[in-house]
Amino acid sequence: MNNNYYTVQNNSKLDLTEVEDLLGSFMPFSKKRLGWNKPVSIHFESDVANGSNILGKTAYYDPNNMSVTLFTDFRHPKDIMRSLSHELVHHTQNCRGEFEGASEMGEGYAQADEHLRNMEKEAYLQGNMCFRDWEDTYKHDLATNYTDVSAMITEKKERLFGLLTKQIIKEKI
């Protein structure tokens, strides 16, 4: 999927069509909510060994390439989306220049560097809240649309029943 502010590449072994479809709603929501203003690339990756590790990696952001990598094996699609939201906060931080001069982001970086720790705090809070607010809005919109469609079908059924009833009465006369 390509557009002017994000690209998606599915390198995983999974059919992520449903997740990719949700991005059409989630990405503009997160862009507006989080305020990122530069294109980002999203990569879905398979890594069975990592997915089998109970404390394996879930995702990471590469500030140099403005890309998010999401590991997909043995994960619920909702969890993948939540990880994406977290990483998009890091993309937002990169758009604001907050990675400039940051120390190396190896093992334990969020414990060793106060600046990076604060960036992680923001990503956990803002990423989860962004995803939660989008999900609630998305579900509400689905329910509203379903109710509207359901009411429309009921109305058409009633109209059709009325027409059929009139037809039957005419035939009896």
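For the structure itself, consult the block above.
Asker: Would you explain the pattern of salt bridges in this entry?
Answerer: Where charged atoms from two side chains of opposite charge come close, those side chains can pair. This model, assessed by the stated rule, comprises eight salt bridges. With a closest N to O distance of 2.9 Å, lysine 78 and glutamate 135 form a salt bridge. Placement of lysine 78 in helix 3 (residues 77-95) and of glutamate 135 in helix 5 (residues 114-172) is noted, with a sequence separation of 57 residues between them. A salt bridge links arginine 82 to aspartate 79; the shortest N-O distance between them is 3.6 Å. In this pair, arginine 82 and aspartate 79 are both assigned in helix 3, three residues apart and thus about one turn of the helix distant. Given a relative accessible area of 30%, arginine 82 falls into the partly exposed group. Linked through salt bridges whose partners overlap, the residues forming this network are Arg75, Asp79 and Arg82.

Asker: Can you help me understand the side chain of glutamate 120 in this one?
Answerer: Within the secondary structure, glutamate 120 sits in helix 5. One buried charged residue, glutamate 120, remains without a salt bridge, the closest side chain of opposite sign being arginine 117 at 8.6 Å. Here histidine 86 takes part through its side chain, which lies 3.3 Å from a polar atom of the side chain of glutamate 120.

Asker: When you look at the sheet that holds strand 1 (residues 6-10) in this model, what are you seeing that I'm missing?
Answerer: Sheets are built from strands paired through backbone hydrogen bonds, the pairs being either parallel or antiparallel. Spatial strand order, 1-2-4-3: four strands in an open sheet with mixed pairing. Strands at the two margins of the open sheet, each flanked by one partner only, are strand 1 and strand 3 (59-62). Looking at each pair of strands side by side, their axes are set apart by 15° on average, direction ignored. Of the strand pairs in this sheet, strand 3 and strand 4 (residues 67-71) are connected by four bridges, and their pairing is antiparallel. Paired with aspartate 62 across the strands is serine 67, a residue of strand 4. Across the sheet, helix 3 touches strand 2 (40-45), strand 3 and strand 4, and the angle it forms with strand 3 is around 20°.

Asker: I would appreciate a short explanation of helix 3 in the present structure.
Answerer: Spacing of three or four residues puts side chains on the same side of an α-helix, whose turn is 3.6 residues. For helix 3, which comprises 19 residues, the first-to-last C-alpha distance of 27 Å matches the rise-based estimate of 27 Å (1.5 Å per residue) to within 8%. In terms of residue burial, helix 3 counts as a mostly covered element, since 15 of its 19 residues are buried.

Asker: Sorry if this is basic, but what is going on with unusual backbone geometry here?
Answerer: Negative phi is the rule for most residues except glycine; trans is the rule for most peptide bonds. One non-glycine residue, methionine 66, adopts positive backbone phi at about 50°. With respect to the element layout, methionine 66 can be found in the loop between strand 3 and strand 4. The backbone of phenylalanine 74 shows a phi angle near 65°, a positive value even though the residue is not glycine. Tracing the backbone through its elements, the reader meets phenylalanine 74 in the loop between strand 4 and helix 3. Residue class for phenylalanine 74 comes out exposed when judged on its relative accessible area of 62%.

The rules behind the values
- Residues numbered from 1 in each chain as written.
- Predicted model: local features only at pLDDT ≥ 70, side-chain atom pairs only at ≥ 80, totals over all residues.
- Heavy atoms only, no water.
- Salt bridge = Lys/Arg side-chain N within 4 Å of Asp/Glu carboxyl O.
- Helix = DSSP H or I, 4+ residues; strand = E, 2+ residues; numbered from the N terminus.
- Buried < 20%, exposed > 50% of the residue type's maximum accessible area, 1.4 Å probe, protein only.
- Lys, Arg positive; Asp, Glu negative; His and termini not counted.
- Polar contact = N/O pair within 3.5 Å; in protein donor to acceptor, adjacent residues only side chain to side chain.
- Pairing = 2+ DSSP bridges.
- Axes fitted to C-alpha atoms, helices over the stretch in contact; angles between N-to-C directions.
- Contact = heavy atoms within 4.5 Å.
- Expected span 1.5 Å × (residues − 1).

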